[in-house]
Amino acid sequence: MKRVVITGAGTINALGHDVPATMQAMREGVCGIGALSFRDVERLQIQIGGQVRGFEAEGRYNRQQMSLYDRFTQFTLAAAKEAITQSGLIFSGDVSAKSGVVLGTAGGGVSTWDDNYRAVYEEGKNRVHPFVVPKLMNNAAASHVSMEWNLKGPSFTVSTACASSNHAMAQAFSMVRSGMAPAMVTGGSESMLCFGGVKAWEGLRVMSRDACRPFSANRNGMVQGEGAGIFVFEEYEHARARGADILCEVIGFAMSSDASDIVMPSKAGAARAMVGALEDAGINREDVGYINAHGTGTAANDKTECAAVADVFGPHADQLMISSTKSMHGHLIGGTGAVELLACIMALRDGVIAPTIGYEEPDPECALDVVPNTARDAKVSVVLSNAFAFGGMNAVIALRKV
Amino acid sequence: MNITDQVITIIAEQALLEPEDVTPDSTLESLGIDSLGVVESIFAIEEAFDISVPFNANDPSATDFDITSVATIIKGIERLKAEQA
């Protein structure tokens, strides 16, 4: 089995338009959540979100590209450019033929569906633009990354709701670890912040109207975000041979299914995913210094997740740190695990643990060190990133300092 | 704008050219418009002239709306507009 390292990272989200800006915001505990701004927002009950601001597609992409790129694809391409440029990898010859792109998204081109349904239903139009299908399809972002960067190996899109990115990155990791691909571009993106996208979530009655406060006793729901996180996963010797800057190592993962309920989380399913990741990585639970929580800020997730962590880690649960950066960038749904991986890289590489902001009251059901409100300097060598999706599909990734 | 100028504007935009560089004799192929560009041009024509162009990308020659050149497209639009009136 090969070792797998991360040699490039890119992002765009409510905290910043690139990795340095995002990590700085995470260090400073900045809240990227604010008033939403788009058509018909006044008809929503939920009017806050982690919206990307100041991202103008015009000027970045030409007219032809604009007609094919939904906002989730635009985010993906911007983040992929940052990640692949940082990695310094040139995809040509054999590396190009074997390397691919595996991305996660829950909704794909949601605003393209929204805009065109509006045109035919509300405005009564009988004709839509010919590129509606290639623009909204869930694999559009992965396809455009493959075309732009000459990635000719295995490429596809994974859709497992809020765990999509973690499932995607786990797939990419296993492809590099097995020797199937020398490098993979992976991560995920989401752009659901449009009228229909937020209205659908509103229906579940799990959204907060004021803030995302994971683990806090007065938490009152999740807040949506948008954006992308993209990484270059590369075989260790391949990266070393070309003198690449290694951000950290990916050492294992596990996936599990609750097989119980379509929306309620399961302690057992979450615990099995964490235990599985430790076993796959061949590490002891005492090695884990930080967990980037799924931490949605809903009543159900946070207490279930904390209980699962307590079960898996035993006495060590009180020694490790666990935080939810969703309090800052919102829940990016299918893209969330990818943006949250940045907090893991920051912990391993810079020794800074991103905080859980908005934390106001301790909850006895979430009695762990959630790094409340202020980032903390701490040396950690192994971290986990949790993602537990609707549908009971879980994926946990383990990373190590190099 | 007359029909010719409107069609030239649409085709020039697709071909990423200035309207002066597109003449009635220009073929879509010579302008470098690919199959997606053809479909998008037809969409733009339908929108601009409020007509429905019978066109199936699987078999472009199956219809009597000839998309070979700017001139044949104009002729097709004129016929559809006349049928509409």
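For the structure, see preceding data.
Just so you know, these numbers come straight off a predicted model, no measurement behind them.

K.L.:
What is the right way to look at the sheet that holds strand β7 (residues 227–235) of chain A in this model?
P.N.:
Residue and element names in this part refer to chain A. Read from one edge to the other, the open sheet built from ten strands follows the order β5-β4-β6-β7-β1-β8-β14-β13-β9-β10, with strand pairing classed as mixed. Of all strands in the sheet, those bounded by a partner on one side alone are β5 (156–158) and β10 (321–323). Taking each pair of neighbouring strands and ignoring which way they run, the sheet shows an average axis angle of 25°. Taken together, the three bridges between strand β4 (residues 100–104) and β5 define a ladder with parallel strand orientation. By the bridge assignment, glycine 104 is partnered in β5 with valine 158.

K.L.:
Is there a simple way to think about the interface of chain A and chain B in this case?
P.N.:
A common way to report how large an interface is uses the accessible area buried once the components associate. With four residues of chain A at the interface, the matching set in chain B holds four residues. Of the residues in the side of chain A that touches chain B, the class split is one nonpolar, two polar and one charged.

K.L.:
When you look at unusual backbone geometry in this model, what are you seeing that I'm missing?
P.N.:
Most peptide bonds are trans, and most residues other than glycine sit at a negative phi. Backbone geometry places phenylalanine 215 of chain A, a non-glycine residue, at a positive phi of 70°. Along the chain, phenylalanine 215 of chain A turns up in the loop between α9 (195–202) and β7. The backbone of aspartate 50 of chain B sits at a positive phi, close to 55°, despite the residue not being glycine. Within the secondary structure, aspartate 50 of chain B sits in the loop between α2 (35–49) and α3 (70–84). Of the residues examined, aspartate 50 of chain B has 10 C-beta atoms within 10 Å and is grouped as exposed.

K.L.:
In this structure, what is going on with the packing of helix α11 (residues 267–281) of chain A against helix α12 (residues 299–313) of chain A? I would like to understand it.
P.N.:
Helix-helix packing is characterised by the crossing angle of the two axes and by the distance between the axes. Residue and element names in this part refer to chain A. At their nearest, the axes of α11 and α12 sit 8 Å apart, and the two run at 50° to each other. When the axis of α11 is compared with that of α12, the two are oblique. Handedness of the α11/α12 crossing: right-handed. Listed contacts from α12 to Lys267, Ala270, Ala271, Met274 and Val275 of α11 are Thr304, Glu305, Ala307, Ala308, Asp311 and Val312. Each residue belonging to the contact of α11 with α12 can be placed in one class, and the counts come to seven nonpolar, one polar and three charged.

K.L.:
Explanation requested: the pairing of strand β8 (residues 248–257) of chain A in the structure shown.
P.N.:
Two faces, one strand: in a regular strand the side chains alternate between the faces of the sheet. Residues and elements named next belong to chain A. Burial of β8 is extensive: eight of the ten residues sit out of reach of the surface. Relative to β8, strand β1 (residues 4–13) runs antiparallel, the two being bridged by three bridges. By the bridge assignment, valine 4 is partnered in β8 with valine 250. Pairing geometry for β8 and strand β14 (residues 393–400), over eight bridges, is antiparallel. Opposite serine 256, over in β14, you have asparagine 394 as the bridge partner.

Parameters at a glance
- Residues numbered from 1 in each chain as written.
- Chains lettered and ligands numbered in written order.
- Predicted model: local features only at pLDDT ≥ 70, side-chain atom pairs only at ≥ 80, totals over all residues.
- Pairing = 2+ DSSP bridges.
- Helix = DSSP H or I, 4+ residues; strand = E, 2+ residues; numbered from the N terminus.
- Axes fitted to C-alpha atoms, helices over the stretch in contact; angles between N-to-C directions.
- Contact = placed C-beta atoms within 7 Å.
- Nonpolar A, V, L, I, M, F, W, Y, C, P; charged D, E, K, R; others polar.
- Buried ≥ 20, exposed ≤ 12 C-beta atoms within 10 Å, placed from the backbone.
- Parallel < 35°, antiparallel > 145°, perpendicular 65-115°, else oblique.
- Left-handed = near helix turned anticlockwise from the far one by under 90°.

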